[in-house]
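# Residue-level structure breakdown
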Amino acid sequence: MDGIDTLRGKYLESITGAGDESALEEIRLAALGKKGEISLKMRELGKMTPEERQTTGAALNRLKDELDAALRARKTSLADAALDERLRSEWLDVTLPSRPRRFGTIHPVSQVMEELTAIFADMGFSVAEGPQVESDWYNFDALNIPPEHPARQEHDTFFMHRAEGDNRPPHVLRTHTSPVQIRALEANGAPIRVIAPGRVYRMDMDQTHTPMFHQVEGLAIDKGISMANLKWVLEEFCRAFFEVPSVELRFRASHFPFTEPSAEVDIRCSWVNGQLKIGEGDSWMEILGSGMVHPKVLQAAGVDPSKWQGFAFGMGIDRIAMLKYGIPDLRAFFESDLRWLRHYGFAALDMPDLAGGLSR
Ligand code: PHE
């Protein structure tokens, strides 16, 4: 019996001192495993007298149960301690700011379209649209550019494919936004005040030309509209758009088949150390073509030219974006270089309005 008490003391002590589950398992094997000390003691029972066997056997069974319970209790407390330790060491500060994430930017052309739409909307112009693949009639004939007119050559037109045996004039990628004048007049009649921003196409590629670029068309038809109204609208627009207190525009006599008289418009500016300044200086920069809508154009759109008249203009959007935001190379606009887009792009919520960013 002495031996049993010694075993009991030894194992209970080592169970209390075990530092982890594998140490506990070792103790279990050493005591209760097949070749464990208590199992060996059980085997000795056979050599004992029946009386001895009864008391020793019962004592050994009690010891076995006691050690079993002690092992299980220690295992539980070790697991609890391990969990407490993990809870102490593995923690997150959920109030930390998240990692910075890149957001996309608004392309300068989109930004400028929003800006000019806001400015012209304030002057009573709404937005009209037309297709980029346009019929020969809308792009040329209706604008007083008949088939043999030399202006057709100047447009470096992209022509659409025609099915064999189709002898109609081929459709074109619109070479300007002027066909939207016809479409808007057909849809609404007069009076009308619209702008039509959008893509146009010409077969041209160098530092200042890309085969696709953007224009905004302006059209105002009413009774008694004159060149003076055109000049005021353009000056108002330039002042608001370039955010300068005053601008000076120069109207140069020009020729377009769809306007009479016609004028190209330059804006006064200066170049100082490669930096462009609008509104002052000795240089002039051409920004648009304009004029009084030709009676034949009104007629082609179903509007009576003896009752109605007005002005139209066509302005290069990419050009005025370059001027306003100091962007040197037009071709970079359409290369989709992420570095360029991040540098020149605008935040998504930087929406232009006349009360905020744009001044009047
Ligand atoms: N459509 C002309 C162009 O593309 C511009 C223009 C528009 C001129 C309206 C006069 C009136 O060059």
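Residues numbered from 1 in each chain as written. Predicted model: local features only at pLDDT ≥ 70, side-chain atom pairs only at ≥ 80, totals over all residues. Heavy atoms only, no water.

### Some remarks on the overall build of the protein chain
The helix and strand tally for the protein chain stands at 12 helices and 10 strands. Overall, the protein chain is about 135 × 60 × 40 Å in size when its C-alpha atoms are taken along their principal axes. Across the 360 residues of the protein chain, 41% fall into the buried class. Nonlocal contacts in the protein chain, meaning residues at least 24 apart in sequence, comprise 64% of its contacts between residues at least 6 apart. As displayed, the protein chain offers around 20,700 Å² of accessible surface, 52% of which is attributable to carbon and sulfur atoms. The averaged location of the 53 negative side-chain charges in the protein chain is 6 Å from the averaged location of its 42 positive side-chain charges. (Helix = DSSP H or I, 4+ residues; strand = E, 2+ residues; numbered from the N terminus. Buried < 20%, exposed > 50% of the residue type's maximum accessible area, 1.4 Å probe, protein only. Contact = heavy atoms within 4.5 Å. Areas by Shrake-Rupley, 256 points an atom, 1.4 Å probe, with all protein chains shown as cover. Lys, Arg positive; Asp, Glu negative; His and termini not counted. Charge placed at Lys NZ, Arg CZ, Asp CG, Glu CD.)

### Structural notes on the pairing of strand β7 (residues 259-272)
Pairing of strand β6 (residues 249-256) with β7 involves 7 bridges; the strand directions are antiparallel. Its bridge partner being in β7, L249 is matched across the sheet by I267. As consecutive antiparallel partners, β6 and β7 are separated by 2 residues. One ladder, built from 9 bridges, connects β7 with strand β9 (residues 283-293); its direction is antiparallel. Along β9, the bridge assignment pairs V265 with L288. Where β7 and strand β8 (residues 275-278) come together, 4 bridges link them in antiparallel fashion. Across the sheet, residue W271 finds its bridge partner in β8, namely L276. Between the end of β7 and the start of β8, which pair antiparallel, lie 2 residues, with N273 showing a positive phi angle near 50 degrees. (Pairing = 2+ DSSP bridges.)

### With respect to the side chain of T175
Tracing the backbone shows T175 in the loop between β3 (172-173) and α8 (179-188). You can call T175 buried: its relative accessible area is 0%. Reaching out from T175, the side chain makes a polar contact with the side chain of N139 at a distance of 3.0 Å. When neighbours within four sequence positions are excluded, T175 is seen to be in contact with N139, F140, H155, T157, V200, Y201 and R202. (Polar contact = N/O pair within 3.5 Å; in protein donor to acceptor, adjacent residues only side chain to side chain.)

### Notes on the packing of aromatic side chains
If you walk through the whole model with that rule in mind, you get 11 aromatic pairs. Note on W340 and Y344: the rings are 5.1 Å apart at their centroids and 45 degrees apart in plane angle, and the pair reads as tilted. One end of the pair, W340, and the other, Y344, are both in helix α12 (residues 338-344), 4 residues apart, so they sit about a helical turn from each other. The exposure classification of W340 matches that of Y344, with both residues buried. Ring pairs connect the aromatic residues F120, F125, F237, F241, F242, F311 and F313, which therefore count as one cluster. Against the face of W308 rests K223, its NZ or CZ located 4.7 Å from the ring centre. (Phe/Tyr/Trp six-rings, centres within 6.5 Å; stacked < 30°, edge-to-face > 60°. Lys NZ or Arg CZ within 6 Å of the ring centre and 35° of its normal.)

### With respect to unusual backbone geometry
Residue A190 is joined to P191 through a cis peptide bond whose omega torsion reads -5 degrees. Position of P191 among the secondary structure elements: in the loop between α8 and β4 (192-201). Going from E260 to P261, the amide bond is cis rather than trans, its omega being -5 degrees. Looking at the element boundaries, P261 is found in strand β7. In the Ramachandran plot, N144 falls in the positive-phi region, its phi being about 65 degrees despite a non-glycine side chain. Residue N144 is classed as buried on the basis of its relative accessible area, which comes to 17%.

### Looking at the nonpolar core
Membership of the largest hydrophobic core comes to 46 residues, with the highest contact counts inside it found for L116, F120, F237, F242, I267, F311 and I320. Here this core gets 8 residues from one element, more than from any other, and that element is helix α9 (residues 227-242). I145, V194, L219 and I221 belong to the second largest nonpolar core, which has 26 residues in total. (Core = buried A, V, L, I, M, F, W, Y, C linked by side-chain atoms within 4.5 Å.)

### Things to note about the domain arrangement of the protein chain
Splitting the protein chain by domain gives domain 1 (2-89) and domain 2 (108-344). For domain 1 and domain 2, the distance between their C-alpha centroids amounts to 95 Å. (Domains from an automatic or database assignment.)

### With respect to helix α5 (residues 108-122)
End to end, α5 covers 21 Å across 15 residues, agreeing with the expected 21 Å (1.5 Å per residue, within 8%). When we look at burial in α5, the residues that qualify are P108, V109, Q111, V112, E115, L116, A118, I119 and F120. Contact partners of the buried residues in α5: β4, β5 (212-222), α9, β10 (309-316), α11 (317-325) and α12. Two residues or fewer past α5, G124 is found with a positive phi of approximately 90 degrees. (Expected span 1.5 Å × (residues − 1).)

### Some words on the state of the cysteines
In this structure the tally under the stated criterion is 0 disulfides. In this structure C269 is not part of a disulfide, and its nearest cysteine sulfur, from C238, lies 11 Å away. (Disulfide = S-S within 2.5 Å.)

### Topic: the site of the ligand
Looking at the ligand, there are 14 residues lining it, with H176, S178, R202, Q215 and E217 nearest. The side chain of H176 places a nitrogen or oxygen atom 3.0 Å from a nitrogen atom of the ligand. At a separation of 2.9 Å, an oxygen atom of the ligand approaches a polar side-chain atom of R202. About the coverage of the ligand: the protein hides 90% of its 330 Å² of free accessible area. Residue assignment for the shell around the ligand shows that the elements contributing at least two residues are β5, β9 and β10. Looking at which element gives the most residues to the shell around the ligand, the answer is β10, with 3 residues. (Near = heavy atom within 4 Å.)

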